[in-house]
Amino acid sequence: MNASIRDAIPVAQGNYPCLILNADYQPLSYFPLSLWSWQDAVKAVFLDRVNVVDHYEQTVRSASFEMEIPSVVALKDYVAQNRSPAFTRFNLFLRDGFECVYCQSPDELTFDHLIPRRLGGKTTWQNIVAACSKCNLRKGGRLPKDAGMIPQIKPFRPTMHQLQAQGRRFPPNHLHESWLDYLYWDVELEP
Ligand SMILES: [Zn+2]
């Protein structure tokens, strides 16, 4: 997945996504990138929950106020990032980089129990890996060594920080220029 800033689509009419930073000015989430609709961002400004960091040139108006639409806001209250990530399909694929741990294919991803269920393998972070359908089928209900298929990673329970770091590998297609000062991607963006 590659993103080029030059290819970034212009903000569509009426669609002004706002980048959400934590109180430490780090993005709340890289992947999916933490974004709110402009309506939610404006509401948060009025509720005094965020500081406006940058804004679009466009303004919103009502009878009683006018404001520039925020493009980047920072939460006033820090959201702790040391909680355990939920054991979800998305987070598991993210941990494994959206690739099959056996052949590195990104296609038709599904799950594999390293120790098959019929041999007592549990559905846990430590026993589930992302695998493409082909490898999953090939491995069948066997142990990795019996199938001659050794996963490239040793599955583990990730921390939020580890998932954030993984998320940096996947910049979205659309990045507003005002966001770039707050985002650090592991891939090179074209100038
Ligand atoms: Zn595979």
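Everything below is about the structure shown above.
This structure is a prediction, so every number in the text was calculated from the model and none was measured.

J.: How should I be thinking about the overall build of the protein in this particular structure?
T.: The helix and strand tally for the protein stands at five helices and six strands. What you see in the protein, going N to C, is helices and strands ordered as β-β-α-β-β-α-β-β-α-α-α. The globule rule puts the C-alpha radius of gyration for 191 residues at 16 Å, and the 21 Å found for the protein is more than 25% above it. Its C-alpha atoms give the protein principal-axis dimensions of roughly 70 × 35 × 25 Å. Buried residues in the protein amount to 40% of all 191 residues.

J.: Sorry if this is basic, but what is going on with unusual backbone geometry here?
T.: Generally, phi is negative for residues other than glycine and the peptide bonds are trans, each holding for most cases. That bond from F31 to P32 is cis: its omega, 0 degrees, falls within 30 degrees of zero. Relative to the assigned elements, P32 resides in the loop between β1 (18–21) and β2 (35–36). The phi torsion at Y25 lies on the positive side, around 70 degrees, for a residue other than glycine. Tracing the chain through its elements places Y25 in the loop between β1 and β2. Here Q104, not a glycine, exhibits a phi torsion of approximately 65 degrees, which is positive. Locating Q104 in the fold gives a position in the loop between α2 (89–95) and β5 (109–113).

What counts and what doesn't
Residues numbered from 1 in each chain as written. Predicted model: local features only at pLDDT ≥ 70, side-chain atom pairs only at ≥ 80, totals over all residues. Heavy atoms only, no water. Helix = DSSP H or I, 4+ residues; strand = E, 2+ residues; numbered from the N terminus. Rg over C-alpha atoms; globule rule 2.2 N^0.38 Å. Buried < 20%, exposed > 50% of the residue type's maximum accessible area, 1.4 Å probe, protein only.

By themselves these figures say nothing about function.
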